[in-house]
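# Descriptive structure summary
What follows is each chain in one-letter form.
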Amino acid sequence: MEVKPDIKSESEAPAVSSAPRSPRIHGRYKGPTGDFCCVPGCTNSRGKCNRMGKQVSFYTFPRDSKRLKMWLDRIRLDVLSEDGHLVPFTPKNHHRVCSEHFVGGKKVDHPNSEAYVPSEFPRNAVRKRTTKRSLEAGLAVQVVTKKQKKATAELAPKGRPPFSVKYRFPLPFLGPVPIVYSAPTDHTYINLPSVMSQGVVMETCTCTAPVNMAVIKYWGKRHKDLVLPLNSSISATLDQKQLRTKTTVAISPSFEDDRLWLNGIEERVDTVRIQNLLAELRQRSIEQQSCPQEWFSWKLHVCSENNFPTAAGLASSAAGYACLAFSLAVLYRLRGDISDIARRGSGSACRSMYGGFVIWDKGTKADGTDSIARQLYPETHWPELHILILVVSDQKKHTCSTAGMEVTVETSSLMKQRIRLVPDRIKEMTSAIEKRDFHKFAELTMKDSNQLHAVCLDSYPPISYMTDVSRQIVHMVHEYNKLKGQNKVAYTFDAGPNACLYLIEEDVAEVVSLVTHFFPPIGPTEEFYTGLPTGSVALDQFQVIASQINLPKQPGAIKYVIHTKPGPGPCVLTKKVDSLLDISGHPKYDTRGEPKSVTTDQ
Ligand code: DP6
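Per an unreviewed UniProt entry, the protein chain carries the name THAP-type domain-containing protein and comes from Dreissena polymorpha.

Have a look at this one:
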């Protein structure tokens, strides 16, 4: 962060609040400027302290860039925009930090001193009013200037909506802030609440991350440990309203071990994937000097939950690792793309770091630094595109993707052919998405899914993720497309039997009716269908279509249907109530999602 040197040096700032008042000019009192403490929640001003007889000094921000960064890291004054752009806080000459924020009530200039940086902050005060003065002091709400607008617009990824909003000052340590962020390009400006439990600090962050569904599949690695793929892949990120992982991460000197809870059950943290992800993240954080050093010695608690069946081929590991990487990146204030960190957890997780249509470039470098995800088009690019997830089984799959890929790469001769074909398919798919050409998009999606499952069957021993029900869904889709004379629906299957159908919004009602007709629910219909609403369909027209599709009815074969559409990337939740961990850093909820009885809420 660039800072202009202060006109008045720190030492030149008056040590105590004894500055004489300026004379009245044109009948209006002009008080001394720069005498408000800009620490959020602190109400000290020179005038107030004078009146109360408080001995308080008001310091300017340091000129030394290292020390300045340390101050800013502590005070957390960066400004965020509601559409996810970064506006770093740049101290002005009039910005002051009062001596009450330093250990011992006085700033000390020796780097070994505790009072070298501010460390004492108010935790309970809530600033209610926005006044001209509070604005000038950098508090409450700021309106973006043209210069800031230009600077931040240059940071915006392709296709982001035009920059327009007011900046909301996030009130660190204080009140709730709404969901604010969905662009993982900079994680430095989120102000997260520090929580105090029995006098010990806990730094915490809660985020959500989406599921993604590949239309050109990733299958096979060129480097197992670094999780580098043999081919590039493309996916759509699904709306988090229907499918998402939510994760709270917390670090504290009071934690004795690293611990992880997944859907209420404690899991191991010493897995290779988690350890690789953490190592990469800490390394990046050290390189960027993004957080106080002592944080690296503090233990980590992670609590995560999905709102959909875990490990049933619904890309839960993608959302899970994406959410873990993202939450930690925000907590550690990392800058830049972190899709490569998420990739260390699970390959497909890197695509969940962005919204809309996302490509994961396979990269060519041996160290994998160019094997990263990037957004092709935002979720707003193709608003008519909808998605139906047909959950055939919500049981855990028997061959995990990692093991399946290994067998395929080692034994399938068809796989070599696939690797030669994919680059052209990537180009064709990119163009189909760009032109919103559904017919072509559907053809490529179905062919690629079929090829993935063909190489799985060509593996030795063969791997089969699709079941009879999956194949009946494939048959139903092809029959329907044939009757319509063009591709109206596309299916795709990951490493499981569940189908993901891509289709255009206006066809959703008819296709849902078809699914319900051939795979009628056994239980209540309202539990069968969830997500976005569908319209109705003309009965006679539908009956004509259904009667021409040769498929036996299979009651109960599909457990439920989720209707969704492409959505944005990960988000930060800054309301304390969103945290999955209580004030002691333990899960608030049990395995059924019920609040635990002995929980002290934050
Ligand atoms: C079939 O990302 O789960 O869903 O990198 O070994 O963790 P690992 O594999 P994972 O593989 C997903 C494969 C797929 C296709 C895809 O999402 O591209």
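For the rest of this paragraph, the subject is the overall build of the protein chain. Tallying secondary structure elements over the protein chain gives 14 helices and 25 strands in all. Split into buried and exposed, the 602 residues of the protein chain put 54% on the buried side. Of the accessible surface of the protein chain, which amounts to about 26900 Å², a share of 53% is contributed by carbon and sulfur atoms.

The next thing to look at is the nonpolar core. Counting 67 residues, the largest nonpolar core has Phe 441, Ile 473, Leu 501, Tyr 502 and Phe 519 as its most contacted members. Residues in contact with Leu 501, not counting those within four places in the same chain, are His 386, Ile 387, Leu 388, Leu 390, Ile 473, Val 477, Val 489, Ala 490, Tyr 491 and Val 511. In terms of nonpolar packing, the next biggest core, distinct from the first, is built from 51 residues, Val 201, Leu 260, Trp 298 and Val 455 among them.

So, on to the side chain of Asp 340. Tracing the backbone shows Asp 340 in helix H7 (residues 339–345). For Asp 340, a relative accessible area of 11% corresponds to the buried category. Only 2.7 Å separates the side chain of Asp 340 from the side chain of Arg 284, close enough to count as a polar contact. Leave out the neighbours within four places in its chain, and Asp 340 touches Arg 284, Ser 371 and Ile 372.

A separate point is the pattern of salt bridges. Inspection of the entire model under this criterion finds 22 salt bridges. In this structure, the salt-bridge partner of Glu 406 is Lys 224, at a minimum N-O distance of 3.7 Å. With Glu 406 in helix H8 (residues 401–411) and Lys 224 in the loop between strand E11 (221–223) and strand E12 (228–229), this residue pair connects regions lying 182 residues apart in the sequence. The exposure class of Lys 224 is exposed, given its relative accessible area of 56%.

Attention shifts here to the packing of helix H9 (residues 414–435) against helix H10 (residues 438–458). Packing of H9 against H10 leaves a shortest axis separation of 10 Å and a crossing angle of 165°. The angle between the axes of H9 and H10 places the two elements in the roughly antiparallel class. When the axes of H9 and H10 are compared, the crossing they make is left-handed. Contacts between H9 and H10 involve Leu 414, Met 415, Arg 418, Leu 421, Arg 425, Glu 428, Met 429, Ala 432 and Ile 433 on the former and, on the latter, Lys 440, Phe 441, Leu 444, Thr 445, Lys 447, Asp 448, Gln 451, Ala 454, Val 455 and Asp 458. For the contact of H9 with H10, the residue count by class is 10 nonpolar, two polar and seven charged.

Moving on, we come to the pairing of strand E14 (residues 244–252). Burial of E14 is extensive: nine of the nine residues sit out of reach of the surface. Neither face of E14 is exposed, since Arg 244, Lys 246, Thr 248, Ala 250 and Ser 252 on one face and Thr 245, Thr 247, Val 249 and Ile 251 on the opposite face are all buried. The pairing of strand E9 (residues 200–210) with E14 spans eight bridges and is classified as antiparallel. Considered in E14, the bridge of Thr 206 is made with Thr 248. Here E14 pairs with strand E17 (residues 299–306) via eight bridges, running antiparallel. Along E17, the bridge assignment pairs Ile 251 with Leu 300.

The next point concerns the site of the ligand. The full set close to the ligand counts 17 residues, and Tyr 218, Lys 221, Ser 346, Gly 347 and Ser 348 are the nearest of them. Computed on the free molecule, the ligand has an accessible area of 460 Å², of which 94% lies beneath the protein chains in the complex. Here the element with the most residues in the shell around the ligand is H8; it accounts for three residues. When the residues that make up the shell around the ligand are grouped by side-chain class, the tally is six nonpolar, six polar and five charged.

Read from one edge to the other, the open sheet built from four strands follows the order E10-E13-E18-E19, with strand pairing classed as antiparallel. Single-partner strands in this sheet number two, and they are strand E10 (212–216) and strand E19 (373–377). Across this sheet, the average inter-strand angle for adjacent strands is 35°, counted without regard to direction. For strand E18 (residues 357–360) and E19, the ladder comprises four bridges, and the chain directions are antiparallel.

Attention now moves to unusual backbone geometry. Backbone torsion omega between Tyr 460 and Pro 461 reads 0°, so that peptide bond is classified as cis. Tracing the backbone shows Pro 461 in the loop between H10 and helix H11 (468–484). Backbone geometry places Gln 289, a non-glycine residue, at a positive phi of 45°. With respect to the element layout, Gln 289 can be found in the loop between helix H5 (272–288) and E17. Taking relative accessible area as the criterion, Gln 289 reaches 49% and is therefore assigned partly exposed. One non-glycine residue, Arg 333, lies in the positive phi region at around 55°. Along the chain, Arg 333 turns up in the loop between helix H6 (316–331) and H7.

Here we have five strands laid out as an open sheet, ordered E21-E22-E20-E24-E23, and mixed in their pairing. Each having just a single partner strand, strand E21 (489–493) and strand E23 (529–531) make up the two edges of the open sheet. Taking the axes of each pair of neighbouring strands and ignoring which way they run, one obtains an average angle of 25° across the sheet. In this structure, strand E20 (residues 385–391) lies alongside strand E22 (residues 499–504), joined through six bridges in antiparallel fashion. Bridged to Leu 388 within E22 is Leu 501. Sitting on the sheet, H11 touches E20, E21 and E22, and the angle it makes with E21 is about 160°.

Our focus in this paragraph is the packing of aromatic side chains. Tallied over the full model, the rule gives 14 aromatic pairs. Arranged with centres 5.5 Å apart and planes meeting at 90°, the rings of Tyr 59 and Phe 102 form a pair that is edge-to-face. Taken together, the residues span a long stretch of sequence, with Tyr 59 in strand E3 (residues 58–59) and Phe 102 in the loop between strand E6 (97–98) and helix H3 (132–136) at a distance of 43 residues. Pairing Phe 438 with Phe 441 gives two aromatic rings, centres 5.9 Å apart and planes at 40°, and the pair type is tilted. Here Phe 441 and Phe 438 lie together in helix H10, a separation of three residues that amounts to about one turn. Joined through ring pairs, the aromatic side chains of Phe 357, Trp 382, Phe 438, Phe 441 and Tyr 502 make up one cluster.

A few words on the confidence of the model for the protein chain. Chain-level statistics for the protein chain give a pLDDT mean of 80 and a share of 76% at 70 or above. A low-confidence stretch, residues 151–189 (pLDDT under 50), is modelled with 129 contacts involving residues beyond four sequence positions or located in other chains. Between residues 598–602, whose pLDDT stays under 50, and residues either more than four places distant or in other chains, the model counts 13 contacts.

What counts, and where the lines are drawn
- The written sequence of each chain sets the order in which its residues are numbered from 1.
- Given that this is a predicted model, residues contribute local features only at a pLDDT of at least 70 and side-chain atom pairs are listed and counted only at 80 or more, while totals for whole chains, interfaces and linings are drawn from all residues.
- With hydrogens and water stripped out, all remaining heavy atoms of the structure feed into the side-chain values.
- The way it works is that DSSP assigns letters per residue, a run of H or I at least four long becomes a helix, a run of E at least two long becomes a strand, and they are numbered from the N terminus.
- Only protein chains enter the accessibility calculation, which uses a 1.4 Å probe; a residue is then buried when its area is under 20% of its type maximum, exposed when over 50%, and partly exposed in between.
- Here the Shrake-Rupley method, with its probe set to 1.4 Å, supplies the accessible areas, and only the displayed protein chains count as covering residues.
- Residues belong to a common nonpolar core when they are buried Ala, Val, Leu, Ile, Met, Phe, Trp, Tyr or Cys residues joined through side-chain atoms within 4.5 Å.
- Whether two residues are in contact is decided by their heavy atoms: any pair within 4.5 Å suffices.
- Polar contacts here mean pairs of N or O atoms no more than 3.5 Å apart (in protein, one a potential hydrogen donor and the other a potential acceptor; neighbouring residues in sequence count only if both atoms are side-chain atoms).
- One side-chain nitrogen of Lys or Arg within 4 Å of one carboxyl oxygen of Asp or Glu is enough to make a salt bridge.
- Interaxial angles span 0 to 180 degrees and are taken between N-to-C directions of axes, which are lines fitted to C-alpha atoms, for helices over the stretch in contact.
- The labels follow the angle: roughly parallel below 35 degrees, roughly antiparallel above 145, roughly perpendicular from 65 to 115, and oblique for the rest.
- Take the far helix as your reference; a near helix turned counterclockwise from it by less than a right angle gives a left-handed crossing, and one turned clockwise gives a right-handed crossing.
- Gly counts as polar in this scheme, as do all residues outside two lists: the nonpolar Ala, Val, Leu, Ile, Met, Phe, Trp, Tyr, Cys and Pro, and the charged Asp, Glu, Lys and Arg.
- Pairs of strands are assigned from DSSP output, requiring at least two bridges between the strands.
- Here a residue is near a molecule or strand as soon as one of its heavy atoms is found within 4 Å of it.
- Ring pairs shown here join Phe, Tyr and Trp side chains whose ring centres sit within 6.5 Å, with only the six-membered ring taken for Trp; geometry is labelled stacked below 30 degrees between planes, edge-to-face above 60, and tilted in between.
- Values of pLDDT, which run from 0 to 100, indicate the predictor's confidence residue by residue.

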